[in-house]
Amino acid sequence: MQLGEKAGLKPSKPMRDYFGEAILAVARENPRVVVLDGDLGNSTKAETVRQAFPERFFNIGIAESNLVGIGAGMASCDLIPWITSFSSFLLCNAYDQIRLAVAMSNLNAKILGSHGGITLGKDGPTQMGIEDFALMGGLPTMQMLVPCDPVSMLALVKVATDYQGPVWLRSSRVAAPYIYETGKVDFKVGGSEIVRQGRDVTIIACGIMVAAALDAAAMLAEEGISSRVLDLYSLRPMDTAAILTAARETGALVCAEEHLLVGGMGSNVARIVSSGHPVPMRFVGLADVYIESGDPNDLLEKYHLTDEDICIAVREVIGAKEMAGQP
Amino acid sequence: MKEKIETVQNIPALKDLARELRLDILECTTRAGSGHPSSSWSAVEILTALYFGGILRYRAQEPLWPDRDRFIMSKGHAAPLLYAVLARAGYFPYEMIMQLRQVGSPVQGHPVLGMLPGVEATTGSLGQGLSLGVGHVLGSRLNHRHYRVYVLLGDGECEAGQIWESAMSAAHYKCDQLTAILDYNKFQETGPISREMGLEPLAEKWRSFGWHVEEADGHSIPDLLEKLHGIQEVQGKPQIIIAHTIKGKGVSFVESDFTFHGRALTPEQAKKAREELLCN
């Protein structure tokens, strides 16, 4: 069963391919865009710019600290650097540089953390980026964007490029099906989008978990449960109004993310909900373990990131809502 | 586009200025009750030569002048020196440096980009400044600007891997507009470098990384000026001036005691230091 199949979504290529298209589009549109690579441009697909605009592409090599530092220096020159590599290497190796040279300096640099989550699969836990939401969350000026499909990838790379200030964006190795139609949604920093309307519960998700949430919603509909699905593509700033509206109108929330539960999207949603409009919540994400090599679908199943896992969480949270006597 | 800036050309005047800067550093760190006066004092002549000896092109009244030469203080703990120099160069009122480390003041313990005019980078986590310098050089090429980039390195931070990553990339990209100056005072936080984590043979290391290397007496303004002029002729290679310095230079009881790294002088010690600096 492929992601989005139950919801009838149109299949697509891997997310990284659309990043390649997106970065090429912004480089073509804006001559101030430069791309810095940590010798993984063929995997992140940042290399599309190398072919089209070689003078604006710099492979800094396997030296992430220097990669970020050079990017920050170029941002100081009124250029718009996209600093690209795997989330695991870039964020973990160069966190200090991202913190001082980019975030604290509030420079107009963009950071691509590719191969986010566990769905890079067979290369195993050393390459997986399961802590990127938490790490970037620790940088107060860093805006955080997580596309969920080809259309949002293309749109959000442009949104990030046009935004004045530091932005991080997650990309994935896996294919996520089409959720949006081109040009129908106004993506923005701080935005979110209801991708399915519902009354009984809201599933708040980002990245590939949006498609899983839509699959779950299709399954739950057969049980008579009406699920809203909110694509929370902007993790900073978070769309507080949409989250609280969902809490008020549906009375129960499930958060689903391809990330550690600790320090992830759900923990931040819970902070907003508990202080704004407390309702029962459940969380689908990674427990405190390191993952292993394997086929992405097998891993999603083993580590409980499937539509089935979301359905279980929804049934639980609706039970809790009824127990609490909420409408 | 060459910018003519007014500089003090005669050496005695530059020496007087260096003494004033030492006093500034003493006053602001003593007032703050913390800071790194000894690490600042070791690089006083280096910054005097750069900012007031006609090397750096800048416009204090137009801090973001696109064609300005860049100066990046990679050893961010020498912030008091940078602030004193920028104040005396006219970037902001002199009185501001006395707000060092106070709540609500922009004069941060270590430099933060955007807080004060003339500060080109956020530094203080060591090892980062040279990469920024390479970025400025690559940026200048894309922007068709012809400025030079100077980075002041500490010796202790040359223990950091990022310094050598950036050294490698500067040579790879033939950054001949990039000059590093190494304040080689031979001491790091906890002791002599040779004892804690030896750097030698340092000149050979830089040479093997593809850099043009010069050595200088880091307290001789004429020697520094000569080297700073000389390296501008180097083509196709980044350059480093290894400036041999004395940590705490100018105050005898600080020079002889490396434990002064990272602490200010007491008011009594400051009084003694002030007298000594004024006598010299």
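Position labels on residues start from 1 in each chain and follow its written sequence. For naming, the first written chain is A and the first written ligand is 1, with later ones following in the order written. In view of the model being predicted, local features appear only for residues whose pLDDT reaches at least 70, and side-chain atom pairs are presented and counted only at 80 or more, with totals across whole chains, interfaces and linings using the full set of residues.

Caption draft 1: Broad picture of the overall build of chain A. By definition, any uninterrupted DSSP run of H or I lasting at least four residues is a helix, any uninterrupted run of E lasting at least two residues is a strand, and each is numbered from the N terminus. Each helix and strand counted, chain A has 13 helices and 12 strands in total. Here the globule rule reads 2.2 Å times residues to the power 0.38, and the radius of gyration is calculated from C-alpha atoms. By the compact-globule yardstick of 20 Å for 327 residues, chain A fits well, its C-alpha radius of gyration being 19 Å. Across its three principal axes, chain A shows a C-alpha extent of roughly 60 × 40 × 40 Å. Residues classed as buried in chain A amount to 61% of the 327 residues present. Burial is judged by counting other C-beta atoms within 10 Å of a residue's own C-beta: 20 or more means buried, 12 or fewer means exposed, and anything between counts as partly exposed, with every C-beta placed from the backbone.

Caption draft 2: Focus on the packing of helix α4 (residues 64-75) of chain A against helix α6 (residues 95-104) of chain A. All names here are of chain A. For the pair α4 and α6, the least separation of the axes is 9 Å and the interaxial angle reads 5°. Classified by the interaxial angle, the pair formed by α4 and α6 is roughly parallel. Residue-level inspection shows Ser65, Val68, Gly69 and Ala72 of α4 in contact with α6, the latter providing Gln97, Ile98, Ala101 and Val102. Looking at side-chain class alone, the contact of α4 with α6 contains five nonpolar, three polar and no charged residues. As a rule, the C-alpha atoms of each element are fitted with a line to give its axis, helices using only the stretch in contact, and angles between N-to-C directions run from 0 to 180 degrees. Should an angle lie under 35 degrees it is considered roughly parallel, over 145 roughly antiparallel, and from 65 to 115 roughly perpendicular; all remaining angles are considered oblique. Two residues qualify as being in contact provided that their C-beta atoms, derived from the backbone, are within 7 Å of each other. Note on residue categories: nonpolar means Ala, Val, Leu, Ile, Met, Phe, Trp, Tyr, Cys or Pro, charged means Asp, Glu, Lys or Arg, and polar means any other residue, Gly included.

Caption draft 3: Highlighting the domain arrangement of chain A. Residue and element names in this part refer to chain A. As used throughout, domain bounds are those supplied by an automatic or database domain assignment. What the domain assignment lists for chain A is domain 1 (15-170) and domain 2 (193-323). Centre-to-centre, using C-alpha coordinates, domain 1 lies 26 Å away from domain 2. Every contact between the two is made by 25 residues of domain 1 and, on the other side, 28 residues of domain 2. Taken together, the elements giving at least two residues each to the side of domain 1 that touches domain 2 come down to α7 (132-137), β5 (143-145) and α8 (150-162). Here the residues of the side of domain 1 that touches domain 2 sort into 13 nonpolar, eight polar and four charged.

Caption draft 4: Summary view of the environment of Cys175 of chain B. Residues and elements named next belong to chain B. Here Cys175 lies in the loop between α6 (161-172) and β3 (178-184). Among the residues examined, Cys175 registers 24 C-beta atoms within 10 Å and is labelled buried. Measuring from C-alpha to C-alpha, the distance between Cys175 and Gly133 comes to 9.5 Å, with 42 residues separating the pair along the chain. Filtering out sequence-adjacent residues up to four positions away, Cys175 remains in contact with Val134, Val137, Ala170 and Pro238.

Caption draft 5: Representation of the interface of chain A and chain B in the model. Across the boundary between the two partners, chain A contributes 23 residues, which contact 21 residues of chain B. Of the residues forming the side of chain A that touches chain B, the biggest block, eight residues, is contributed by α4 of chain A. Taken together, the residues of the side of chain A that touches chain B sort by class into 12 nonpolar, nine polar and two charged.

Caption draft 6: Spotlight on the sheet that holds strand β6 (residues 167-170) of chain A. Residues and elements named next belong to chain A. Reading across from one edge, β2-β1-β3-β4-β6-β5-β10 is the order of the seven strands in this open sheet, with mixed pairing throughout. Two strands close off the open sheet at either side, each with one partner strand: β2 (57-59) and β10 (234-236). On average, each strand axis in the sheet is inclined to that of its neighbour by 20°, with strand direction left out of account. For two strands to be treated as a pair, DSSP must find no fewer than two bridges joining them. Note: strand β3 (residues 80-86) against strand β4 (residues 110-114), five bridges, orientation parallel. Of the residues in β4, the one forming a bridge with Ser85 is Gly113.

Caption draft 7: How the structure looks around the nonpolar core. We define the nonpolar core as any set of buried residues of the types Ala, Val, Leu, Ile, Met, Phe, Trp, Tyr and Cys, connected via C-beta atoms lying within 7 Å of each other. Ranked by internal contacts, the top residues of the largest apolar core, which has 198 residues, are Ile203 and Ala213 of chain A. Of the domains in this structure, domain 1 (15-170) and domain 2 (193-323) of chain A are the two that each give at least three residues to this core.

Caption draft 8: Representation of the confidence of the model for chain B in the model. Residues and elements named next belong to chain B. Put simply, chain B has an average pLDDT of 95, and 97% of its residues get 70 or more. Counting interchain partners and residues more than four positions distant, the pLDDT-below-50 stretch residues 1-6 has six contacts. The ipTM for the predicted assembly is 0.95, set against a pTM of 0.96. pLDDT measures how confident the predictor is about each residue, on a scale from 0 to 100.

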